[in-house]
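Here's the letter readout for the chains.
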Amino acid sequence: MADSAIAAETKPWRSGTAEPFIRIQNISKIFGDFTAVDDVSLDIYKGELFCLLGGSGCGKSTLLRMLAGFETPTQGSITIDGQNVAGVPASERPTNMMFQSYALFPHMSVEKNVAYGLLREGVPKEQAMARTAEMLNLVKLGNFAKRKPHQLSGGQQQRVALARALIKQPKLLLLDEPLGALDKKLREETQFELIRIQESLGVTFIVVTHDQEEAMTLSTRIGVMNEGKIVQVGEPEEIYEHPNSRFVADFIGTVNLFQGRVDVVAPNEMRITGTEAGDLITKPIEGLSAKQTVSLALRPERISISREATSAANCIPGFVEEVAYLGNLSIYRVNIASGKTIKVTLSNLDIEGEPITWHEDVFLSWNAGSGVVLTT
Amino acid sequence: MAIRWSRWSPQIALAPAVIVTAVAFIGSIGWTIYISFTGSRRFPDYAIDPERWSRQYERLAKDRAWGISLDNLIVFGIGSLLAIVFGFILAAMIEREKRGEDVFRTIFLYPLAISLIVTGIVWRWMFNPSLGVENFLHQLGWESASFDWLSSAETAMYGIILASLWQSSGFFMALMLSGLKSINSEIWSAARLDGVGVFRLYIEIIIPMMKFTFLTCAILLSLGVVKAYDIIVAMTNGGPGQSTWMPALFTINAYSAKSNIAYASAAAVMMLVITLAIFLPLLLLFIWQQKRRKAAVA
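Residues numbered from 1 in each chain as written. Chains lettered and ligands numbered in written order. Predicted model: local features only at pLDDT ≥ 70, side-chain atom pairs only at ≥ 80, totals over all residues. Heavy atoms only, no water.

### Topic: the interface of chain A and chain B
So, step 1. The interface of chain A with chain B comprises 26 residues on the first partner and 18 residues on the second.
So, step 2. Roughly 1900 Å² of surface becomes buried between chain A and chain B when both sides are summed, with 59% attributable to carbon and sulfur atoms.
So, step 3. When the buried surface of chain A facing chain B is broken down by residue, A:His107, A:Arg120 and A:His150 rank first, second and third, together holding 28% of it.
So, step 4. For the pair chain A and chain B, the number of links is 2 salt bridges.
So, step 5. Of the charged contacts, one joins B:Glu204 and A:Arg120 as a salt bridge, the two residues approaching to 3.7 Å between their closest N and O atoms.
So, step 6. Linking chain A with chain B are 5 residue pairs in polar contact (both at pLDDT 80 or more).
So, step 7. Counting only elements with at least two residues in the side of chain A that touches chain B, the list comes to β6 (95-98) and α3 (110-121) of chain A.
So, step 8. Considering only residue class, the side of chain A that touches chain B consists of 11 nonpolar, 9 polar and 6 charged. (Contact = heavy atoms within 4.5 Å. Buried area = accessible area lost by both parts, 1.4 Å probe. Salt bridge = Lys/Arg side-chain N within 4 Å of Asp/Glu carboxyl O. Polar contact = N/O pair within 3.5 Å; in protein donor to acceptor, adjacent residues only side chain to side chain. Helix = DSSP H or I, 4+ residues; strand = E, 2+ residues; numbered from the N terminus. Nonpolar A, V, L, I, M, F, W, Y, C, P; charged D, E, K, R; others polar.)

### With respect to the sheet that holds strand β1 (residues 22-31) of chain A
All names here are of chain A.
So, step 1. Pairing is antiparallel across the open sheet formed by 4 strands, whose spatial order is β2-β1-β4-β5. The open sheet terminates on both sides in strands that have one partner only, identified here as β2 (34-44) and β5 (83-84).
So, step 2. Pairing of β1 with strand β4 (residues 75-80) involves 5 bridges; the strand directions are antiparallel. Note that in β4 the partner of isoleucine 22 across the bridge is isoleucine 80.
So, step 3. Contacting β1, β2 and β4, helix α2 (residues 60-68) runs over the sheet at an angle of about 115 degrees to β1. (Pairing = 2+ DSSP bridges. Axes fitted to C-alpha atoms, helices over the stretch in contact; angles between N-to-C directions.)

### So, the nonpolar core
So, step 1. Counting 91 residues, the largest nonpolar core has A:Ile22, A:Leu63, A:Ile206, B:Ile205 and B:Ile206 as its most contacted members.
So, step 2. A total of 11 residues in this core trace back to one element, the largest contributor, which is helix α3 (residues 64-96) of chain B.
So, step 3. Not counting chain neighbours up to four residues away, the residues in contact with A:Ile206 comprise A:Ile22, A:Ile44, A:Phe50, A:Leu52, A:Leu64, A:Leu67, A:Leu172, A:Leu173, A:Leu174 and A:Leu175.
So, step 4. Core analysis: the second largest hydrophobic core is formed by 44 residues, A:Leu49, A:Leu53, A:Ala145 and A:Ala161 among them. (Core = buried A, V, L, I, M, F, W, Y, C linked by side-chain atoms within 4.5 Å. Buried < 20%, exposed > 50% of the residue type's maximum accessible area, 1.4 Å probe, protein only.)

### A short note on the confidence of the model for chain B
All names here are of chain B.
So, step 1. Mean pLDDT over chain B works out to 88, with 98% of the residues at or above the 70 mark.
So, step 2. Within chain B, α3 carries the highest mean pLDDT (93), whereas helix α13 (residues 261-297) carries the lowest (85).
So, step 3. Per the prediction output, this complex has pTM 0.81; the corresponding ipTM is 0.80. (pLDDT = per-residue confidence, 0-100.)

### What about the domain arrangement of chain A?
You'll often see interface size given as the accessible area lost when the parts meet.
All names here are of chain A.
So, step 1. Here chain A is described as being made up of domain 1 (5-248) and domain 2 (254-374).
So, step 2. Placing the centre of domain 1 and that of domain 2 at their C-alpha centroids yields a distance of 38 Å.
So, step 3. Taken residue by residue, the interface counts 7 residues in domain 1 and 8 residues in domain 2.
So, step 4. In total, domain 1 and domain 2 occlude about 770 Å² of area from one another, counting both sides; carbon and sulfur atoms represent 45% of this.
So, step 5. Contact with domain 2 buries area across many residues of domain 1, yet Tyr240, Glu241 and Arg246 alone supply 74% of it, more than any other trio.
So, step 6. Inspection of the region where domain 1 meets domain 2 yields 1 salt bridge.
So, step 7. Here glutamate 241 and arginine 302 are joined by a salt bridge, their closest N and O atoms 2.8 Å apart.
So, step 8. Applying the counting rule to domain 1 against domain 2 returns 4 residue pairs in polar contact (both at pLDDT 80 or more).
So, step 9. A total of 3 residues in the side of domain 1 that touches domain 2 trace back to one element, the largest contributor, which is helix α8 (residues 236-241).
So, step 10. Its residues placed into classes, the side of domain 1 that touches domain 2 shows 3 nonpolar, 2 polar and 2 charged. (Domains from an automatic or database assignment.)

Put into structure tokens, the structure is as follows:
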């Protein structure tokens with residue numbers, strides 16, 4: 001059904017020459033003296049599953065509503081497939097939306113709910129019902145056509161909402177916290193279902209979420225938002241391994257942050273002094289001046305923990321305060337001399353001999369290239 | 001001993017209320033039904049003549065005034081349904097209006113604070129050709145204006161309906177408003193995306209979702225209609241002639257003017273039958289809707 005190769009595989013944003021499907025240019029939305037969205041620009045490519053990720057109040061839902069046509073931007077323009085959508089009402093845009101609460105009409109059957117939009121467009125009843133049946137089969141609800149929404153589980157209601165949103169064959173589908181109301185197991189299953197449906201139909205999805213695990217699983221690219229601005233855009237791996245700021249580093253996954261001043265910079269390494277862990281050796285980055293304040297972001301899985309000191313570039317002593325056993329991995333909270341707590345995760349398969357446990361004196365080690373140096 | 005007391009104390013605490021209800025409410029209903037089969041006149045006469053047990057009801061069936069009362073009940077009932085319609089329209093308009101909701105809601109609810117007697121009297125003045133609206137329009141220059149509904153047997157009932165609508169629409173508006181607010185805001189957005197026109201939106205989506213609220217309003221309205229008394233007395237006292245008689249007025253009249261307790265009791269029993277005939281089906285529908293609602297939420 002998809003007319004071109006799947007965006008997740010071709011990654012058009014890397015080429016630099018591909019034409020973006022959706023251009024958001026300098027969009028702002030101001031309510032009185034409160035700026036909800038502050039000069040946001042984004043290019044999104046056809047067939048992407050793009051996630052807007054951020055905490056509450058960061059402006060992601062407002063941005064979504066502007067894309068849908070429920071809010072008018074105070075400034076800026078939005079272009080979808082070459083068409084500037086300024087002034088175009090929501091029902092006439094090539095977009096559709098799946099709501100957080102599903103917004104199913106409770107007095108209508110599943111079939112009627114899904115077909116409603118088509119019938120309002122003037123599609124003849126027979127044709128509308130045939131397309132409805134097809135769509136229900138796609139979301140695996142073929143046998144539930146005659147049921148009412150209150151007779152379905154949360155996950156099934158969500159699939160009806162998805163079918164209803166997709167049946168009008170929108171070019172862009174907007175999803176507002178689609179997995180928020182589901183329990184963990186169902187969320188995992190639904191994540192892959194969403195990807196499957198998106199790839200088979202070739203529709204561009206923009207998902208708004210505050211759940212970074214969801215964003216990391218679903219998306220081709222993530223746009224992290226904070227206080228109305230886009231802070232970083234990139235593939236999940238890039239956002240995780242190379243955050244561009246303390247905010248992004250802290251928001252995605254867990255991170256240990258050290259702050260210090262640039263001391264010595266050599267071609268292959270750099271020393272940062274004055275951190276809570278003393279002097280640290282890391283890989284240098286460009287554009288630094290002497291004594292500049294920088295942060296080092298270190299992911300817990302990059303630190304190894306041992307009873308004896310190692311010869312790694314960085315090795316500091318610590319005291320295990322807490323161990324959380326999570327089945328597949330263990331999370332250690334280690335206190336170091338300055339009082340700071342460092343989080344270390346270790347896969348339980350990698351443990352040899354006696355596992356390290358509470359109140360042990362240990363050494364934390366990592367290489368120069370394990371952390372990321374941040375200037376903001 | 002202490003444990004035994006606490007086991008029964010809820011029942012003991014409720015006992016006075018239950019006894020009062022049993023005596024005053026159920027007991028008096030039973031008494032009224034009994035008396036309606038007797039020949040009591042000014043004072044209760046507890047003897048029932050087995051061959052003439054239904055004489056009060058036969059007399060009722062032949063009484064023209066009772067026939068008029070029942071007709072007026074139907075007319076008043078249908079006319080009062082407009083209170084629900086107006087209530088809904090006002091509520092929908094207020095709900096769409098972002099600002100000024102509190103102001104409008106207060107304004108429309110004010111009439112409810114006025115007793116039916118006062119409402120009746122004020123509207124009687126308004127219908128008075130030399131004091132009220134008609135006089136006002138004549139003074140403005142509209143000489144042929146006529147707003148004298150209460151003086152004609154054909155239109156008097158409509159005057160009463162108008163006054164009653166003025167008084168009660170605000171109440172139904174308040175109920176409808178809370179019903180409207182309980183609708184998830186995303187439903188409105190979803191309908192907007194489907195490009196549904198305003199009229200269709202309300203008829204096909206919003207009103208069906210508010211079945212529960214409409215049912216509540218219908219039950220409350222029907223109770224008010226059957227009981228209508230004060231507004232009739234204040235506005236027309238049953239006139240002109242007997243054209244605005246209603247069952248409650250008939251019953252009181254049978255007792256106070258005709259001093260016939262048995263006849264009045266028969267009329268009262270018929271009112272009870274009418275109330276149950278309207279109320280019970282609505283109540284059952286209400287309970288059924290509530291069960292469906294609970295099933296949906298669970």
